[in-house]
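Commentary on secondary and tertiary structure
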Amino acid sequence: MRSFAVRSAPCIGGEVEAIVLAREQGIDLVAIDDKAARSRAGQMGLRPIGTLGLIVLAQRLSHLDASTAMTKVDELVDIHGLYLSSHVRRQIRSQLGGSFTGTVKRLTRRKRSGAVER
């Protein structure tokens with residue numbers, strides 16, 4: 001199992017494998033929730049996206065409708081114990097029905113323009 005240290009916090013297992021695979025395949029977007037691993041991925045020039053970002057992205061790319069996407073977020077909180085502050089939950093609700101910024105907006109624009117995401 002590969003491991004590396006990020007500010008005294010070890011990243012092991014799946015996070016490292018995701019980073020290594022993304023680098024090997026030339027993919028700059030990598031799905032990681034662990035804070036230390038997200039930081040390390042960013043330092044390595046990758047664009048980390050978490051579970052919530054993936055749900056928002058799926059909705060923006062029409063893979064999920066807004067209601068289903070919000071249900072998925074609620075399930076993460078209510079069933080799987082994900083902590084979301086009320087502020088973050090409001091932000092997610094707003095994004096699922098409102099304007100987008102950052103990675104989600106860029107990826108949506110690329111899909112509409114016909115650009116291939118690697």
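Note that the structure is a prediction, hence the values are computed from the model and not measured.

In this section: the overall build of the protein. Helix and strand counts for the protein come out as six helices and four strands. The order of α-helices and β-strands along the protein, N terminus first, is β-β-α-β-α-β-α-α-α-α. Here the protein holds 118 residues, and the buried ones make up 32% of them. When contacts within the protein are restricted to residue pairs at least 6 apart in sequence, those whose partners lie at least 24 apart make up 41%.

Moving on: the packing of helix α3 (residues 51-60) against helix α4 (residues 66-78). The geometry of a pair of packed helices is captured by two quantities: the angle between their axes and the separation between those axes. At a minimum axis separation of 9 Å, α3 and α4 run at an interaxial angle of 165 degrees. Taken together, the axes of α3 and α4 are roughly antiparallel relative to one another. In the packing of α3 onto α4, the handedness of the crossing is right-handed. In this structure, α3 contributes T51, L52, I55 and Q59 to the contact, and α4 contributes A66, A69, K72, V73 and L76.

Among the residues of helix α2 (residues 35-43), those classed as buried are A36, A37 and A41. Projected onto a plane normal to the axis of α2, the buried residues spread over an arc of 135 degrees and lie on a single side. Put simply, D34 is the residue that caps the front of α2, since its side-chain oxygen is 3.3 Å from the backbone nitrogen of A36. Count one or two residues on from α2 and you reach G45, which has phi positive near 85 degrees.

This part takes up the environment of I27. Mapping I27 onto the fold places it in the loop between α1 (14-25) and β3 (29-31). Accessibility expressed as a relative area gives 32% for I27, which makes it partly exposed. Taking the C-alpha atoms as reference points, I27 and L46, separated by 19 residues in sequence, lie 7.9 Å from one another.

Judged by nonpolar contacts, L52, I55, V56, A69, M70, V73, L76, V77, L84, I92 and L96 together constitute the single largest core of eleven residues. For this core, the elements supplying multiple residues, two or more each, are α3, α4 and α5 (86-97). It is α4 that contributes the most residues to this core, five residues altogether. If you look at the next biggest cluster of nonpolar residues, it comprises seven residues, including I19, V30, I32 and A41.

Attention now moves to the layout of surface pockets. In this structure, the second largest pocket spans a volume of roughly 170 Å³. What lines the second largest pocket is D33, R38, G50, T51, L52, L76, L82 and L84. A class-by-class count of the residues in the lining of the second largest pocket yields four nonpolar, two polar and two charged.

Our focus in this paragraph is the pattern of salt bridges. Scanning the model with the defined rule gives three salt bridges in all. Across the salt bridge formed by D74 and R89, the nearest N and O atoms sit 3.7 Å from each other. Taken together, the residues span a long stretch of sequence, with D74 in helix α4 and R89 in helix α5 at a distance of 15 residues. Three or more residues joined by partner-sharing salt bridges are found here, namely D74, R89 and R93.

Parameters and conventions
- Residues numbered from 1 in each chain as written.
- Predicted model: local features only at pLDDT ≥ 70, side-chain atom pairs only at ≥ 80, totals over all residues.
- Heavy atoms only, no water.
- Helix = DSSP H or I, 4+ residues; strand = E, 2+ residues; numbered from the N terminus.
- Buried < 20%, exposed > 50% of the residue type's maximum accessible area, 1.4 Å probe, protein only.
- Contact = heavy atoms within 4.5 Å.
- Axes fitted to C-alpha atoms, helices over the stretch in contact; angles between N-to-C directions.
- Parallel < 35°, antiparallel > 145°, perpendicular 65-115°, else oblique.
- Left-handed = near helix turned anticlockwise from the far one by under 90°.
- Arc of directions from axis to C-beta.
- Polar contact = N/O pair within 3.5 Å; in protein donor to acceptor, adjacent residues only side chain to side chain.
- Core = buried A, V, L, I, M, F, W, Y, C linked by side-chain atoms within 4.5 Å.
- 1 Å grid on protein atoms, 1.4 Å probe; cavity = no way out; pocket = protein on both sides within 12 Å on 5 of 7 lines; lining within 4 Å.
- Points joined across faces, edges and corners; volume = space filled by probe spheres on them.
- Nonpolar A, V, L, I, M, F, W, Y, C, P; charged D, E, K, R; others polar.
- Salt bridge = Lys/Arg side-chain N within 4 Å of Asp/Glu carboxyl O.

In short, geometric facts, not functional conclusions.
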